[in-house]
Amino acid sequence: PILVQQIPARVCVQLCESKLLIDDGQNYKVYDLQLGQYHDLLLSVDHSSWNHCPITALSNEFCAVVDRDITSNVIILDLVRLEQFYCTLPQPVYVISMRISAKTLYIAWVQDSDSVLERFDLENRVLLNNVVLRKDITYRYTKLKLKTSPKLIVYAWVTKGAQRKLSGRLTILNENGELVKIILHSNSSDLLLNLRWICVNEEYVVFSCFDSIELSIWNNRRPNDDPKTLSQLHVGGKPHVISKSLILLMNHDFCTIVDLRKAVYLRSIDFGRATKESSFNYPLISINQCFIVLCQYCRVDTGKEKQKMVSDRSPDDEDIPMFFERQRNITTSKVKTESSELISVMTVYDFRGRSIP
């Protein structure tokens, strides 16, 4: 690998499409990716006087930053017009979570015993109607899980006494804050929903529970239907959405691929066998909307060709996405036997061949 750029930063806070949010220890700064290099947009938020780590939300057009202390102002950076403005809340509150979807900023806050989700129009810079998430809440003992898309708002609560358990329901609202669906673990609202993770993509809500090998998919196009459940899956990994309608469940040495549109299991990719050779360690994995990139060490025969392309789909199979493997040698080092060597291999899975209706 070749070092192409160094950015002075204490930590990378968030990455979204071409935008990078970093903390240099005193300021939050936003960089824009142009021609393979990140450039400082000269927009920053000084948090040196704040007592707590700020809460942030980043999109390709906006960045929102707020102190974790009582406040009524959320700082917003317009990354297109290159200017700063504020979202002024109705009263001083504790902000507990923020999300940006399309041109709407969602701000979840608590004050006294109430929790409210504020909606702010980033383009017109006005507050929209808010949504009361819960009353009689003790913030000290609860944590909000909030996910949004341009069409949906999904949330649930975690209790501090049982970190894995949420209080009975997964609530789904539309973009205007109107109730669409409440998903319960069973017919009894007293039972706790043991959610492992929630993923929201356009009109789909995907979730998995602890102590389960099931994955559930709910579709907003059929809001009255119960979620469709897929069983016997490895659901412990972190979910990633690629090619708009595929979800990848990542694990150390393999991933599971599910088609959200059809709500079916497609296949698994064994990273340890990605190069058809024995892997000596877990691969380094990078993912974006179209690619999975693996870097791993493998032992290969010296006489074998080290660059190849393999298709895992026949031309007549329309249900399985096309995966390409491209392997490129980065370094090689001889081992004791003359017939094999240890090489570092990069493998790229390309999902751009996936046809989306």
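Thresholds applied
- Residue positions are counted from 1 within each chain, in the order its sequence is given.
- Given that the model is predicted, a residue must reach a pLDDT of at least 70 before its local features are reported, and side-chain atom pairs must reach 80 or more before they are shown or counted; all residues, however, enter totals for whole chains, interfaces and linings.
- By convention in this description, side-chain values take in all heavy atoms of the structure and omit both hydrogens and water.
- Put simply, DSSP H or I for four residues or longer makes a helix, DSSP E for two residues or longer makes a strand, and each gets a number counted from the N terminus.
- Classification of residues uses two cut-offs on accessible area relative to the type maximum, computed with a 1.4 Å probe and protein chains only: under 20% is buried, over 50% is exposed, and between them is partly exposed.
- What makes two residues a contact is simply this: any of their non-hydrogen atoms within 4.5 Å.
- Per-residue and other accessible areas follow the Shrake-Rupley method at a 1.4 Å probe size, with only the shown protein chains counted as cover for residues.
- Every patch collects residues that have over 30% relative accessible area and no salt bridge, joining them within 9 Å if they carry like charges and within 5 Å if they are nonpolar side chains (Val, Leu, Ile, Met, Phe, Trp, Tyr).
- Whenever a carboxyl oxygen of Asp or Glu lies within 4 Å of a side-chain nitrogen of Lys or Arg, that contact is scored as a salt bridge.
- Definition of nonpolar core: a set of buried residues of the types Ala, Val, Leu, Ile, Met, Phe, Trp, Tyr and Cys, connected through side-chain atoms within 4.5 Å.
- Within a predicted model, pLDDT stands for the predictor's per-residue confidence, ranging from 0 to 100.
- We call two strands paired when DSSP finds no fewer than two bridges between them.
- Lines fitted to C-alpha atoms define the axes, with helix axes restricted to the stretch in contact, and inter-axis angles between N-to-C directions lie between 0 and 180 degrees.

Under an unreviewed UniProt entry, the protein chain has the name CNH domain-containing protein and belongs to Homalodisca liturata.

Caption draft 1: Broad picture of the overall build of the protein chain. On a plain count of helices and strands, the protein chain comes out with zero helices and 30 strands. Taken across its 357 residues, the protein chain has 45% of its residues classed as buried. Taking the contacts inside the protein chain whose residues are at least 6 apart along the sequence as the reference set, 39% of them involve residues at least 24 apart. Of the roughly 18900 Å² that the protein chain leaves accessible, carbon and sulfur atoms contribute 47%.

Caption draft 2: Representation of a nonpolar patch on the surface within the structure. A surface patch of nonpolar side chains, about 230 Å² in accessible area, is lined by Leu179, Ile182 and Leu184. Tracing the chain through its elements places Leu184 in strand β17 (residues 179–184). A residue is classified by how much of its surface remains accessible, and Leu184, at 31% relative accessible area, is partly exposed.

Caption draft 3: Local environment of the nonpolar core. Within the largest apolar cluster, 20 residues are counted, with the highest numbers of intra-cluster contacts made by Val74, Ile76, Val95, Met98, Leu105 and Ile107. It is strand β8 (residues 83–101) that contributes the most residues to this core, seven residues altogether. The residues touching Met98, leaving out its near neighbours within four places in the chain, are Ile55, Thr56, Ala57, Ala64, Val65, Val66, Val74, Leu105, Tyr106 and Ile107. Among the nonpolar cores identified, the runner-up in size contains 14 residues, and Val241, Leu249, Val258 and Leu260 belong to it.

Caption draft 4: Representation of the confidence of the model for the protein chain within the structure. In this model, the protein chain carries an average pLDDT of 76, and 68% of its residues clear a pLDDT of 70 or more. The model gives residues 162–166 a pLDDT under 50, and that stretch makes 18 contacts with residues more than four places away or in other chains. With pLDDT under 50 throughout, residues 187–192 is counted as low confidence; its partners more than four residues away or in other chains account for 10 contacts.

Caption draft 5: Region of the structure containing the pairing of strand β16 (residues 169–174). Of all six residues making up β16, five are buried, and the element is well covered by its neighbours. Inspection of the sheet shows β16 paired to β17 by five bridges, in the antiparallel sense. Across the sheet, the residue bridging to Leu170 is Ile183, located in β17. Count of turn residues in the β16/β17 antiparallel hairpin: four residues, of which Gly177 carries a positive phi of about 85 degrees.

Caption draft 6: Expanded view of the side chain of Glu203. Tracing the backbone shows Glu203 in the loop between β18 (195–201) and β19 (204–209). Those residues within four positions of Glu203 in sequence are excluded, and the remaining contacts are Lys151, Leu152, Trp218, Asn219, Asn220 and Arg221.

Caption draft 7: Quick peek at the sheet that holds strand β1 (residues 11–16). The antiparallel open sheet is built from four strands, whose spatial order is β1-β2-β3-β4. A strand with exactly one partner marks an edge of an open sheet, and here the two such strands are β1 and β4 (37–46). In this sheet, neighbouring strand axes are inclined to one another by 25 degrees on average, regardless of whether the strands run parallel or antiparallel.

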